[in-house]
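Structure at a glance
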Amino acid sequence: MKSRQAKFKEDGFLVLDGFHTPASCDALMKRGQELAASFDFKGHPSVFQTDQQTRTSDDYFLDSGDKISFFFEKDAFDQQGKLKGDLFHSLNKVGHALHDLDPVFESFSRSPQLKQLALDLGLDDFLIIQSMLILKHARIGGVVDVHQDSTFLYTEPDTCVGFWFALEDATKENGCLWAMPGGHRTTLRSWFKRKAGGGTEFVTFDPAPLSMEGMVPLEVRKGTCIVLHGLLPHYSLPNTSGRSRQAYAIHAIDGKARYPEENWLRRDMSGLKGF
Ligand code: FE2
């Protein structure tokens, strides 16, 4: 049998069933709901738009690297600026330092099994730089267009690795991930970075569109961990079903790689911790 590392190198992703227990997934979702309930959003609604061209670039987003911040679904507000539904079901995601700031998220993020996995994959020097609770509510959760995670966490050389945890069963109906085995053997297309005068921009490295050919649905059970290579193109469709599809994702980079200041996500790099 191939080692986890060999399989990851070959496919650009790794699906590990039963990585977390259903009980620890439930505890994480419960904590997410508690955090959302404490969010006083009046005055600074920040809409997280997954369409790359209109991705919000406001200060709330750019300042969220070392905080627990809340991002709304694109259509959460009506014409008058009022929430159409309840607060929790209007949110798209929560991020980006849950793993360092909240004890429940921290213990889920720094589990013994993830530490062992990082060792197995040769990532023991890596640092966790970002975390996101992705809500993908029933009939509400929107599309995430095809992208490479390294676009958003750019290092020199490229080192970004994602760990995506299914907190609920993920199927084609409720918007599971899609990726192509071996799809990571390609170039990094773009870098989402801060512009000199404020705001953000995509800088193109390679104008070739990301291929959608050979994409397969990664339908997984609650508790599964999917490891994603930073160059692997992946996407998810809207959740048109009656079942929610919560997931939690963390991203890590090699502490030895250069992390340019122009990255959208800013952290005190000396304070970053590993697994
Ligand atoms: Fe991604």
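Residues numbered from 1 in each chain as written. Predicted model: local features only at pLDDT ≥ 70, side-chain atom pairs only at ≥ 80, totals over all residues. Heavy atoms only, no water.

1. What to know about the side chain of T151
- Position of T151 relative to the elements: it lies in the loop between β5 (144–147) and β6 (161–166).
- The class for T151 is buried, based on a relative accessible area of 3%.
- Beyond its immediate chain neighbours, meaning those up to four positions away, T151 contacts L188, S190, W191, F192 and F202. (Helix = DSSP H or I, 4+ residues; strand = E, 2+ residues; numbered from the N terminus. Buried < 20%, exposed > 50% of the residue type's maximum accessible area, 1.4 Å probe, protein only. Contact = heavy atoms within 4.5 Å.)

2. Description of the packing of aromatic side chains
- Counting across every chain of the model gives 18 aromatic pairs.
- For the pair F61 and F71, a centre-to-centre distance of 6.0 Å together with 80 degrees between the ring planes defines the contact as edge-to-face. Pair noted here: F61 is in helix α3 (residues 59–62) and F71 is in strand β2 (residues 68–72), with a separation of 10 residues, a long-range link.
- Aromatic pair Y154 and F205: ring centres 5.5 Å apart, planes at 35 degrees, arrangement tilted. With a gap of 51 residues between them, Y154 in the loop between β5 and β6 and F205 in the loop between β9 (200–204) and β10 (216–218) connect regions that are remote in the sequence.
- Judged by relative accessible area, Y154 falls into the buried class, the value being 12%.
- Grouping aromatic residues by their ring pairs yields a cluster made of Y60, F61, F71, F152, F192, F202 and W264.
- Positioned over the ring face of F71 is K93, at 5.6 Å from the centre of the ring.
- When the ring centre of W191 is taken as origin, the NZ or CZ atom of K193, which lies over that ring, is 5.7 Å away. (Phe/Tyr/Trp six-rings, centres within 6.5 Å; stacked < 30°, edge-to-face > 60°. Lys NZ or Arg CZ within 6 Å of the ring centre and 35° of its normal.)

3. Topic: the sheet that holds strand β7 (residues 177–179)
- Reading across from one edge, β5-β12-β7-β10 is the order of the four strands in this open sheet, with antiparallel pairing throughout. The sheet is open, and its two borders are formed by β5 and β10, each paired with just one other strand. Between one strand axis and the next, the sheet turns by 25 degrees as a mean value, whatever way the strands run.
- Here β7 pairs with β10 via three bridges, running antiparallel. Within β10, the residue paired with L177 across the bridge is L218. (Pairing = 2+ DSSP bridges. Axes fitted to C-alpha atoms, helices over the stretch in contact; angles between N-to-C directions.)

4. A few points about the pairing of strand β13 (residues 247–254)
- Of all the eight residues making up β13, eight are buried; the element is thus mostly covered by neighbouring parts of the structure.
- Residues A247, A249, H251 and I253 line one face of β13 and the alternating positions Y248, I250, A252 and D254 line the opposite face, and both faces are buried.
- Where strand β4 (residues 126–134) lies against β13, eight bridges are found, and the strand directions are antiparallel. Note that in β13 the partner of F126 across the bridge is D254.
- Relative to β13, β6 runs antiparallel, the two sharing six bridges. Bridge assignment links F163 to a residue of β13, and that residue is I250.

5. A word on the pairing of β4
- By the criterion of burial, β4 is predominantly enclosed, with nine of the nine residues buried.
- In this sheet, β4 lies alongside strand β3 (residues 91–96) in antiparallel orientation, the contact comprising four bridges. Note that in β4 the partner of H96 across the bridge is S131.

6. So, helix α2 (residues 22–37)
- With 16 residues, α2 extends 23 Å between its outermost C-alpha atoms, agreeing within 8% with the 22 Å of an ideal straight helix rising 1.5 Å per residue.
- Those residues of α2 that sit buried are C25, L28, M29, G32, L35 and A36. Down the axis of α2, the buried set is contained in an arc of 120 degrees. They therefore lie on one face. Turned more than 90 degrees from where α2 packs its buried face, A23, K30 and A37 sit exposed. (Expected span 1.5 Å × (residues − 1). Arc of directions from axis to C-beta.)

7. Some remarks on the coordination of the iron ion
- Distances from the iron ion to its protein donors, H147 (NE2), D149 (OD) and H234 (NE2), fall within 2.2 Å.
- One chain supplies every donor for the iron ion, spaced along it as H-x1-D-x84-H. Each member of the pair H147 and D149 is classed as buried. (Donors = N, O, S within 2.8 Å, 3.2 Å for Na, K, Ca; no water.)

As far as function goes, none of this settles anything; it's purely spatial.
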